[in-house]
Amino acid sequence: MSDAVSASTDSISSSDRSPATAISTFVDVSVFFTACPAATMVTSCPSPEADSTAVGPRGRGACATPPPSSSRLSTVHTPAQVQPVRNSGSIVTVPNPRRCTWSTVPVSDLVHLPGATFDVVVDVSTATPGIVHWGEPLGADPDLDALVAALGRPTVAGALGSVAPVVVVPLHAEGFAGRPGLAGRRGGGRDWSPRFLPTGHRISDGVLTVDAVDDVAGLAIVTEISVGDVLGVRATLTNVADRRYSLDALTLSLPLPEAADELLRFEGRWAREFHPIRTSWNDGALVSEHLRGRTSHERPPLLFAGGRGFGEWTGEVHGVHLAWSGNHTMLAERLADGRRYVQAGELLHPGEVVLEPGESYTTPLVLGVYSADGLTPATWGFHRAARQSPAHP
């Protein structure tokens, strides 16, 4: 389990915070950078133990004073055993994010993760990472900024100033209009709406790990994303406060294209397993929950989404599976603005998970596959991943 890294936040309560200004979803990202005042430019962080510098086209520099609230915070951890994240010729190294986290170099917050048959692009600047592309391979050196600009989403009259992102763990505090991925509270109903701030990310052994923390709510979250034959996502929530935290739900979300207006699910019973059910998905949400305590034929935690009429060898298909054999929940929702996502996780009973100070909860693994040529190539990803498992005979 990765250790979450804390970072200072403002002193207002988590329930009173305004929605974040960052826009990063399957269809949008907005990144803003503010240069340090000339008087505050230094060649390294104030103390030797911080030893943080920014390296890029503008040279070396770090900000010795806190930036304005509109500035973007960007930290990329690059210890010796971890490969650096490189975008637009810039590298930022911040071993101590608490001491010096403001980069004066405009480093991209987008991370490209190439897979065996599809690519994933992740925005690491949001409260929890958001997947902005999950589909066709983009090549060895894609123009990620152009990709996001092409998928940009404007705000509309009568709505919030920014569109709340569909991220791995969408949050109520971000103004997300769908089902939040995190539900819980402390005694007296406190800390029920945390707002995480990212403190750093790193790539090791092909796994992107993103750390975020809410010092006010006393919670830290670590998200891990890997791409190979399948897209794998899991998250770990840690109680870093001195009071217990009751966790009601921690579910993970994957975005789907707006054109995916048909769902394929499965039901069944003994001797009639995996009976397919196709559902038109024009609007609203579809929820499938299982409370038998173990995997059964009635509601396997698996669904596929695609354009109407997708078949075994035709149509673009995204598949999502929860690798879990206990109680589970799966939600497929189309928001009012047309965005679609799937959310999956363990279905917890009230009081089933209570985190004492220092304790953590890790979600089951959520797996995703993609194919531009129908269901059969999409399922190959699940089969190959299962064969590579150490538990496979």
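Residues numbered from 1 in each chain as written. Predicted model: local features only at pLDDT ≥ 70, side-chain atom pairs only at ≥ 80, totals over all residues. Heavy atoms only, no water.

A.B. asks: Explain the overall build of the protein chain to me, please; I cannot follow it from the model alone.
C.D. replies: Helices and strands together make up the secondary structure of the protein chain, namely 2 helices and 26 strands. Per-residue burial over the protein chain gives 51% buried out of 393 residues. Accessible surface for the protein chain amounts to roughly 17,500 Å². Of this, 53% is attributable to carbon and sulfur atoms. (Helix = DSSP H or I, 4+ residues; strand = E, 2+ residues; numbered from the N terminus. Buried < 20%, exposed > 50% of the residue type's maximum accessible area, 1.4 Å probe, protein only. Areas by Shrake-Rupley, 256 points an atom, 1.4 Å probe, with all protein chains shown as cover.)

A.B. asks: What am I meant to see in the sheet that holds strand S15 (residues 245-250) here?
C.D. replies: Remark on secondary structure: sheet strands pair via backbone hydrogen bonds, oriented parallel or antiparallel. Reading across the sheet, the 3 strands line up as S10-S15-S24 and stay open at both edges, with antiparallel pairing between neighbours. The sheet is open, and its two borders are formed by strand S10 (182-185) and strand S24 (353-355), each paired with just one other strand. Shown here is a sheet whose adjacent strand axes are inclined to one another by a mean of 35°, direction ignored. (Pairing = 2+ DSSP bridges. Axes fitted to C-alpha atoms, helices over the stretch in contact; angles between N-to-C directions.)

A.B. asks: Help me out: how do you make sense of the nonpolar core in this one?
C.D. replies: Here is a general trend for soluble globular proteins: nonpolar side chains tend to be buried in one another's company. If you look at the biggest cluster of nonpolar residues, it comprises 51 residues, and the most contacted ones within it are Trp134, Leu231 and Leu237. Counting 12 residues, the second largest nonpolar core, distinct from the first, contains Phe310, Val369, Leu375 and Phe382. (Core = buried A, V, L, I, M, F, W, Y, C linked by side-chain atoms within 4.5 Å.)

A.B. asks: Sorry if this is basic, but what is going on with unusual backbone geometry here?
C.D. replies: A negative phi angle is the norm for most residues apart from glycine, just as the trans form is the norm for most peptide bonds. With a phi close to 55°, aspartate 205 is a non-glycine residue in the positive phi region. When you line up the elements, aspartate 205 lands in the loop between strand S11 (197-204) and strand S12 (207-214). Here aspartate 205 falls in the exposed class, since its relative accessible area comes to 80%. Even without being glycine, phenylalanine 274 reaches a positive phi, approximately 50°. Inspection of the secondary structure puts phenylalanine 274 in strand S18 (residues 272-280).

A.B. asks: When you look at empty space enclosed by the protein in this model, what are you seeing that I'm missing?
C.D. replies: Once rolled over the atoms, a probe with the size of a water molecule shows which space is left empty. Counted according to the given criterion, the structure contains 4 cavities of 30 Å³ or more. Each pocket or cavity is described by its volume, and for the largest cavity that value is around 70 Å³. Arg265, Phe266, Leu286, Ser288, Pro300, Leu302, Leu303, Met330 and Ala332 together form the lining of the largest cavity. Counting only elements with at least two residues in the lining of the largest cavity, the list comes to strand S17 (262-269), strand S19 (284-290), strand S20 (302-306) and strand S22 (328-334). (1 Å grid on protein atoms, 1.4 Å probe; cavity = no way out; pocket = protein on both sides within 12 Å on 5 of 7 lines; lining within 4 Å. Points joined across faces, edges and corners; volume = space filled by probe spheres on them.)

A.B. asks: Is there a simple way to explain the packing of aromatic side chains in this structure?
C.D. replies: Aromatic ring pairs: the centre-centre distance and the angle between the two ring planes describe each pair. Applying the stated criterion across every chain yields a total of 5 aromatic pairs. For the pair tryptophan 313 and tryptophan 380, a centre-to-centre distance of 5.9 Å together with 70° between the ring planes defines the contact as edge-to-face. Residue tryptophan 313 is found in the loop between S20 and strand S21 (317-323), and its partner tryptophan 380 is found in helix H2 (residues 375-387); the two are separated by 67 residues along the sequence. Take tryptophan 313: its relative accessible area is 53%, and that puts it in the exposed class. One aromatic cluster in this structure is built from Phe266, Phe274, Phe304 and Phe382. The ring centre of tryptophan 281 lies 4.8 Å from the NZ or CZ of arginine 340, which sits over that ring. (Phe/Tyr/Trp six-rings, centres within 6.5 Å; stacked < 30°, edge-to-face > 60°. Lys NZ or Arg CZ within 6 Å of the ring centre and 35° of its normal.)

A.B. asks: Please explain the pattern of salt bridges as it appears in this structure.
C.D. replies: Oppositely charged side chains can pair when the atoms bearing their charge come close. Within this structure, the stated rule accounts for 10 salt bridges. In this structure, glutamate 174 engages arginine 195 in a salt bridge whose closest nitrogen and oxygen atoms are separated by 3.6 Å. Taken as a pair, glutamate 174 in the loop between helix H1 (144-150) and S10 and arginine 195 in the loop between S10 and S11 lie far apart in primary sequence, 21 residues in all. Arginine 278 serves as the salt-bridge partner of glutamate 262, at 2.5 Å between the closest nitrogen and oxygen. In this pair, glutamate 262 is assigned in strand S17 and arginine 278 in strand S18, connecting sequence segments 16 residues apart. Judged by its relative accessible area of 42%, arginine 278 is partly exposed. (Salt bridge = Lys/Arg side-chain N within 4 Å of Asp/Glu carboxyl O.)

A.B. asks: When you look at the environment of tryptophan 134 in this model, what are you seeing that I'm missing?
C.D. replies: Relative to the elements of secondary structure, tryptophan 134 occurs in strand S9 (residues 130-135). With 19 residues separating them along the chain, tryptophan 134 and glycine 115 place their C-alpha atoms 10.0 Å apart.

A.B. asks: What exactly am I supposed to notice about the sheet that holds strand S7 (residues 110-114) here?
C.D. replies: Strand order in the open sheet made by the 3 strands is S7-S8-S9, with antiparallel pairing throughout. Both edges of this open sheet fall to S7 and S9, since each of them pairs with a single strand only. Across the sheet, the mean angle from the axis of one strand to that of its neighbour is 15°, orientation sign disregarded.

A.B. asks: Please clarify how H2 should be interpreted in this entry.
C.D. replies: Spacing of three or four residues puts side chains on the same side of an α-helix, whose turn is 3.6 residues. Compared with an ideal rise of 1.5 Å per residue, which puts 13 residues at 18 Å, H2 spans 19 Å between its outermost C-alpha atoms and is within 8% of the ideal. Taken together, the buried positions of H2 are Leu375, Thr376, Pro377, Ala378, Gly381 and Phe382. (Expected span 1.5 Å × (residues − 1).)

A.B. asks: It is not clear to me how the environment of proline 377 should be interpreted in this structure. Could you clarify?
C.D. replies: Along the polypeptide, proline 377 turns up in helix H2. A sequence separation of 64 residues divides proline 377 from tryptophan 313, and the C-alpha atoms of the two residues are 7.6 Å apart. With near-sequence residues (within four places) excluded, proline 377 lies in contact with Glu312, Trp313 and Ser371. (Contact = heavy atoms within 4.5 Å.)

A.B. asks: How do you make sense of the confidence of the model for the protein chain when you look at a structure like this?
C.D. replies: Regions with low pLDDT carry predicted coordinates that are not meant to be interpreted in detail. Here the protein chain shows a mean pLDDT of 76. Residues at 70 or above account for 73%. Strand S14 (residues 231-239) holds the highest mean pLDDT among the elements of the protein chain, 98, whereas strand S3 (residues 41-42) holds the lowest, 28. Every residue in residues 1-107 scores below 50 in pLDDT, and together they form 244 contacts with partners more than four places removed in sequence or on other chains. (pLDDT = per-residue confidence, 0-100.)

A.B. asks: Please clarify how the side chain of threonine 223 should be interpreted in this entry.
C.D. replies: Tracing the backbone shows threonine 223 in strand S13 (residues 219-227). Taking the relative accessible area as the measure of exposure, threonine 223 reaches 1% and is therefore buried. Residue contacts for threonine 223: discarding those within four places in its chain leaves Thr128, Pro129, Val168, Leu208, Thr209, Val210, Val233, Arg234 and Ala235.

A.B. asks: When you look at the pairing of S18 in this model, what are you seeing that I'm missing?
C.D. replies: Across a regular strand the side chains alternate sides, sitting on one face of the sheet and then on the other. Note: S17 against S18, 7 bridges, orientation antiparallel. Residue pairing for S18: arginine 265 is matched across the bridge by isoleucine 277. Between the end of S17 and the start of S18, which pair antiparallel, lie 2 residues, with alanine 271 showing a positive phi angle near 70°.

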